[in-house]
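# Understanding the architecture of this molecule
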Amino acid sequence: MATLSAASRLVAILGPTNTGKTHLAIERMLDHQSGMIGFPLRLLARENYDRVVKLKGARAVALITGEEKILPPNPSYFVCTVESMPLDRLVEFLAVDEIQLCADRERGHVFTARLLHARGLKETMFLGADTIRPLLRRLVPDAVHISRPRFSTLSYTGHKKVTRLPPRSGVIAFSIADVFSLAELVRRQRGGTAIVLGALSPRARNAQVGMFQAGEVDYLVATDAIGMGLNMDLHHVAFARLAKFDGRGLRRLSAAEIGQIAGRAGRHMNDGTFGTTADERPLDPEVVSAVEAHKFEPLTRVQWRNAALRFNSMGALLNSLDEPPPAPGLIQTRDADDHQVLRALSRNTDVAALATNPGAIRLLWEVCQIPDFRKMMSDSHARFVAQCFLHLAGPNERLPTPWIASQIAQLDRVDGDIDTLMMRIAHIRTWTYITHRADWVEGAADWQERARGIEDRLSDALHESLTQRFVDRRSALLVRRMAGDDELLASVDAAGEVKVEGSYVGRLDGFRFIPDASDSTESRMLATAANRVLRGEIAQRARRLAADGDATFTLDPVGNLAWRGGIVGRLVAGDGLLTPRVEVSAGDFLEGAAREGVRRRLQAFVKGEVERRLAPLFALRDLPLGGVARGLAFQLVDALGCLPSEAAAEQLRALDRASRRELARVGVRFGAESVYVEPLLGVDAVRFRALLWAVRQGRVAPRLPGARSLGKALFVDPALPPSFYDALGRRVVGGLALRPDRLERFSAAARERAKAGPFAAGPELAALAGVAAGDLRRLLTDLGYRALIRDGAELFVARPRRLQDRPRRASRRNVTQEGHPFAKLKQLKFA
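For clarity, every value in this text was computed on a predicted model and none was experimentally measured.

Once that is clear, we can look at the overall build of the protein. From N to C terminus, the protein includes 31 helices and 34 strands. Taken over 831 residues, the protein has a buried fraction of 52%. Of the contacts made within the protein by residues no fewer than 6 positions apart, 66% connect residues no fewer than 24 positions apart.

Looking now at the confidence of the model for the protein. It should be kept in mind that the predicted coordinates are not to be read in detail where pLDDT is low. The predicted model of the protein averages 86 in pLDDT, with 90% of residues at 70 or higher. Within the protein, no element has a lower average pLDDT than helix 17 (residues 476-480), which sits at 37, and none a higher one than strand 6 (residues 93-96), at 97. This stretch, residues 1-6, has a pLDDT under 50; its non-local contacts, to residues over four places away or in other chains, come to 14 contacts. Low pLDDT, under 50, characterises residues 802-831; the stretch is placed with 40 contacts to residues that sit more than four places away or in other chains.

Ordered in space as 30-32-31, the three strands form an open sheet in which the pairing is antiparallel. Either end of the sheet is taken by a strand with one partner, and the two such strands are strand 30 (714-715) and strand 31 (731-733). With two bridges connecting them, strand 30 and strand 32 (residues 736-738) associate as antiparallel partners. Note that in strand 32 the partner of Leu714 across the bridge is Ala737.

Topologically, Asp31 is positioned in the loop between helix 1 (21-30) and strand 2 (35-39). Judged by its relative accessible area of 56%, Asp31 falls in the exposed class. As for Asp31 and Glu92, which are separated by 61 residues in sequence, their C-alpha atoms are 9.9 Å apart.

Right, let's get into the packing of helix 6 (residues 202-213) against helix 16 (residues 444-470). Viewed as axis vectors pointing N to C, helix 6 and helix 16 meet at an angle of 35 degrees, and their least axial separation amounts to 8 Å. The two elements helix 6 and helix 16 cross, and the hand of that crossing is right-handed. Contacts between helix 6 and helix 16 involve Pro202, Arg203, Ala204, Ala207, Gln208 and Met211 from the first element and Glu455, Asp456, Ser459, Asp460, Leu462, His463, Leu466 and Thr467 from the second. Classifying every residue of the contact of helix 6 with helix 16 by side-chain character gives six nonpolar, four polar and four charged.

Here His339 is to be found in helix 10 (residues 337-346). Assessed through its relative accessible area of 0%, His339 is described here as buried. The sequence separation of His339 and Trp365 amounts to 26 residues, and the corresponding C-alpha distance is 8.7 Å. Apart from residues lying up to four places away in sequence, His339 is in contact with Arg305, Leu318, Leu321, Asp322, Thr333, Arg334 and Trp365.

This brings us to the packing of aromatic side chains. Counting across every chain of the model gives 10 aromatic pairs. Centre to centre, the rings of Phe759 and Tyr785 are 5.9 Å apart; their planes meet at 85 degrees, and the pair counts as edge-to-face. With Phe759 in the loop between helix 27 (740-754) and helix 28 (763-769) and Tyr785 in strand 33 (residues 785-790), this residue pair connects regions lying 26 residues apart in the sequence. Side by side, Phe759 and Tyr785 carry an identical accessibility label, which is buried. Three or more aromatic residues joined by ring pairs form one cluster here, namely Phe384, Trp403 and Trp431. In this arrangement the basic side chain of Arg429 is found over the ring face of Phe373, its NZ or CZ atom lying 4.3 Å from the centre. The ring of Phe670 has Arg660 lying over it, and the distance from NZ or CZ to the ring centre is 4.8 Å.

Bringing the sheet that holds strand 23 (residues 553-555) into the picture now. Here we have four strands laid out as an open sheet, ordered 23-24-25-26, and antiparallel in their pairing. Every interior strand has two partners, whereas the edge strands, strand 23 and strand 26 (581-584), have only one. With direction set aside, neighbouring strand axes in the sheet form an average angle of 30 degrees. With four bridges connecting them, strand 24 (residues 560-563) and strand 25 (residues 566-572) associate as antiparallel partners. Bridged to Trp563 within strand 25 is Gly566.

What counts as what
- Residues numbered from 1 in each chain as written.
- Predicted model: local features only at pLDDT ≥ 70, side-chain atom pairs only at ≥ 80, totals over all residues.
- Heavy atoms only, no water.
- Helix = DSSP H or I, 4+ residues; strand = E, 2+ residues; numbered from the N terminus.
- Buried < 20%, exposed > 50% of the residue type's maximum accessible area, 1.4 Å probe, protein only.
- Contact = heavy atoms within 4.5 Å.
- pLDDT = per-residue confidence, 0-100.
- Pairing = 2+ DSSP bridges.
- Axes fitted to C-alpha atoms, helices over the stretch in contact; angles between N-to-C directions.
- Left-handed = near helix turned anticlockwise from the far one by under 90°.
- Nonpolar A, V, L, I, M, F, W, Y, C, P; charged D, E, K, R; others polar.
- Phe/Tyr/Trp six-rings, centres within 6.5 Å; stacked < 30°, edge-to-face > 60°.
- Lys NZ or Arg CZ within 6 Å of the ring centre and 35° of its normal.

Dropping the structure here:
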């Protein structure tokens, strides 16, 4: 950014919530000819962009976030998220909101970089909590400090039951399971509640808050996502939990964090209150005093990461990211998401092969910053980022349009439960970010519009689902009849049956709660009470599943994974046919580390199941072969065990006798028409290969005939691509999909007959091929035989190439091997 001139001013506006800091910064920015302000949330950036547009007009204002860019030709003002601030732009005024987030473990290094390096030509302003004042004096000694008092008072009212919270209350918890459980209780007791979670898109979050603001509901159940930037008419904040998972483990909130959230109560000149509820005990007097007086322990250190990165090599980049901080009070950020992804990709041989020059390494670093809005940082995100880099570093230097289309199309669905909708929103937000890189995507503007449209539709569906689940005013009358404050008794038995006050209300299927088929209001209310025990039961189930043996898992014909009879996951497309991934079928109560543990255990089972059911293929892969034989083995493995002989003609000619013996030992058979792995021709192996193909294609597995019919030829379905029959190990000839061993017998018999001249296609040939007699003509024609009519009878004669162009020596040697399925063909007698 620009160097400060003698006349430039550096100001820190510090104070608690509800002090008008942001309002002041916007006013100061608009007093200058140009300006830029960075907010911690996309939602805040959009809200203030709309505000500035009303004052200055759309042509004067730009909006820049990771997922949204509105750039008029020559804007004077830039409203951004902190990460997206275009610091190469020279502006007279620059401000950063919530500067105390320099201490945030995930994003703090970005705020610290802005604190140390981002400056306006005439004025720079940092807004935030008073806790950063001592560090700010040390790190930015030239700053003028201005304190802002809170407009209203904040008072502690102690502990209240959820059922006795006053209207216009917000209930705070820190996991989706707790939020939903509390929301169900509020709905049952008060008729409805709005929901605010960090996982909601800005549009869905605004819709929920709008419902609360409009008075449609009087309660709000939320995570600490309300602690920043959401201004609403909230009178009381009640903490149902005071511990949160911070990525490493559970920890208690600090007094400053409690103050940040409690400060949402009482906006502008209206006083607010705070307290505890549910199972959380009352706050310690010291914490109460600190929150009421807005006096908190100052920050002692902020996150820092080296900004002067070196792109000479992968190692140089990693080393520059690991450089220690240059001053006291700065602590090195080691586990930022982009850094973790870079470490993972540095071990990827395909990525390393392309990241060999500064330009490619700089591109890799940019790609590593693609956000994972699911906040899982699982292997799947690293694989996705690697795939993006391989495309961008390839010859076309763009993400392939068909790939983008297929990825986005999978997300353009509004069916599914709340968990499914939130997961799709997280995915599409990642694609929204990518499509705003015009140098990565052809037709970026069109893709941006499509991604935003999908996000809006998903957000509307999510808002509708949340409202449908947690707002039910018609139940208010029945709720009031449930006298008494005691919790209803709920239990889950060994079979998964859930009972409330002795009445059956549903069952647990894997990790999902399936309510009783009767849809009465009373049944829904009783099911709500069962949520209290479901949380503990599902946590125990997750631990048992992670430790259980393979015998307790099953994989059904459509790709569903069951554990002890309950569906717990399904197969989805992975990196290849033989490496499908697992998607956990989790309800509202399986989260974080427990969910990841379940996924890993299911993935391990699936890997073993693939290797067990297709054992001959893996035995072939692991043979100690070299040269031509190894190449042929790889071709067979990639083709799931069956190749046309013509496709491997060169390898077959070069294959020596010893290699043929090694390949034959694991079941490889060499025929005139096909090279195939004989043990994989069984019905079970064929059905499993069909499943793997369907998973890879993202579709339902086509229905296959019964075991007896599956041994015969299949009519080719024109709606299915050739890759389906290739995956089955079938050879498509004359519109029929034949087993390769039957095709060899048929082909050998036809060649033997053709040696004696024109021959008739009788039932013996049909039986060898496993086809009806009426199908012989097109089968023989497709194999190269010519039909002729002699004395009123149809005969067939071989074209010369059928007898001359075959790798006959190779076929003859293998057919005569003892035990070969074609060895007895020489004994066939024909009429």
